[in-house]
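Geometric and topological summary
Residue-level listing of the chains:
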Amino acid sequence: MRVVAERVLPAEIAEQAWQIYAEAFEEMKIRAVQRHVLYRHEFDEVMTDERVRKLLYVDHRRPDRIRGVATVTDDLSAIPLISPEYFAHHWPDLFAARQIWYVGFLAVHPAARGTGAFARLTREIWRPVLAAGGMAVVDVCRHNDELGFHRAIHHALGSLGGDVRAEHIDDQSYWIYEAPGPS
């Protein structure tokens, strides 16, 4: 298996990527309050957006068959619902130099889980970040945080060398206020 980087995915590869993405993130529809799963038309827009790099985990024997997909960009304006101004305020030098990357998602086909696909894609996301001395930002909901998603990322990055530092920078909490039953 190998990782291939693309700017725009051809329709047949985008269809495979959608199937992997949809299956990998199906559970998130009921796990997180804020929607963490793209609708199909949004996914298709990302697959053709040249500002967003697509990383494909590909079977080297069958390069037309992908087993994982991730997206990453250093153009923070390409990501709806994040605030480029937040990053410009907190890390002005890195922001001005476009050395802040945002990871849109990382999805692995069920048949490729446990094969190192997650770690390989994570390392490929990180390579330009490491080379630039920049930082990468990942949105991890509480469910995935409790599963140890952030630790898996840190573990994968450890093999690249260097002292990768992780910092939890923000939280969003949702509250329910219930009215008492009718009297």
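Here is what the cut-offs are and how they apply
- Residues numbered from 1 in each chain as written.
- Predicted model: local features only at pLDDT ≥ 70, side-chain atom pairs only at ≥ 80, totals over all residues.
- Heavy atoms only, no water.
- Helix = DSSP H or I, 4+ residues; strand = E, 2+ residues; numbered from the N terminus.
- Contact = heavy atoms within 4.5 Å.
- Lys, Arg positive; Asp, Glu negative; His and termini not counted.
- Charge placed at Lys NZ, Arg CZ, Asp CG, Glu CD.
- Salt bridge = Lys/Arg side-chain N within 4 Å of Asp/Glu carboxyl O.
- Buried < 20%, exposed > 50% of the residue type's maximum accessible area, 1.4 Å probe, protein only.
- Axes fitted to C-alpha atoms, helices over the stretch in contact; angles between N-to-C directions.
- Parallel < 35°, antiparallel > 145°, perpendicular 65-115°, else oblique.
- Left-handed = near helix turned anticlockwise from the far one by under 90°.
- Nonpolar A, V, L, I, M, F, W, Y, C, P; charged D, E, K, R; others polar.
- Pairing = 2+ DSSP bridges.
- Phe/Tyr/Trp six-rings, centres within 6.5 Å; stacked < 30°, edge-to-face > 60°.

Within the protein chain one finds eight helices and five strands. Each principal axis of the C-alpha distribution contributes one length, and for the protein chain these read about 70 × 40 × 30 Å. In the protein chain, 70% of the contacts between residues at least 6 apart in sequence involve partners at least 24 apart. Between the mean site of the 21 positive side-chain charges and the mean site of the 26 negative ones, the protein chain shows a separation of 7 Å.

So, about the pattern of salt bridges. Enumeration according to the criterion identifies twelve salt bridges in this entry. A salt bridge links D44 to R40, with the shortest nitrogen-to-oxygen separation between them at 3.0 Å. With D44 and R40 both in helix α3 (residues 40-48), this residue pair falls four residues apart, about one helical turn. The exposure class assigned to D44 is partly exposed, which follows from its relative accessible area of 30%.

Once that is clear, we can look at the packing of helix α1 (residues 11-25) against α3. Helix-helix packing: each pair is described by the crossing angle between the helix axes and the interaxial distance. Where α1 meets α3, the axes come as close as 11 Å, and the angle between the chain directions of the two elements is 130°. Put simply, α1 runs oblique to α3. Between α1 and α3 lies a crossing whose hand is right-handed. Between α1, through A14, E15, A17, W18 and Y21, and α3, the contact on the second element is made entirely by R40, F43 and M47. Grouping the amino acids of the contact of α1 with α3 by side-chain chemistry returns six nonpolar, no polar and two charged.

A few words now on the pairing of strand β2 (residues 53-59). On a regular strand, one side chain projects to one face of the sheet and the next to the other, so that they alternate. Where burial is concerned, most of β2 is hidden: seven out of the seven residues are buried. The side-chain alternation of β2 yields two buried faces, one formed by R53, L55, Y57 and D59 and the other by K54, L56 and V58. Of the strand pairs in this sheet, β2 and strand β3 (residues 62-73) are connected by seven bridges, and their pairing is antiparallel. Counted as the bridge partner of R53 is V72 from β3. Here β2 hands over to β3 after two residues, the two strands then running antiparallel side by side.

Pairing is mixed in the open sheet, where five strands are placed in the order β1-β2-β3-β4-β5. Here the strands that pair on one side only, and so sit at the sheet edges, are β1 (2-6) and β5 (135-138). Pairs of neighbouring strands in the sheet enclose a mean axial angle of 35°, with direction left out of account. Of the strands in this sheet, β2, β3 and β4 (100-108) are in contact with α1, which crosses β3 at around 65°. The strands touched by α3 are β2, β3 and β4; relative to β2, the strand with the most contacts, the crossing angle is about 95°.

To describe a pair of aromatic rings, you give the distance between the ring centres and the angle between the ring planes. Throughout the structure, instances matching the rule amount to eleven aromatic pairs. Ring centres of F87 and W91 lie 6.0 Å apart, and the angle between their planes is 25°; this geometry places the pair in the stacked category. The exposure class of F87 is buried, given its relative accessible area of 5%. By relative accessible area, which is 22% here, W91 ends up partly exposed. Each ring, one from F118 and one from F149, has its centre 5.4 Å from the other, and the planes form 70°; the classification is edge-to-face. Highlighted residues: F118 in helix α6 (residues 117-132) and F149 in helix α8 (residues 149-158), separated in sequence by 31 residues. The class of F149 is partly exposed, set by a relative accessible area of 24%.

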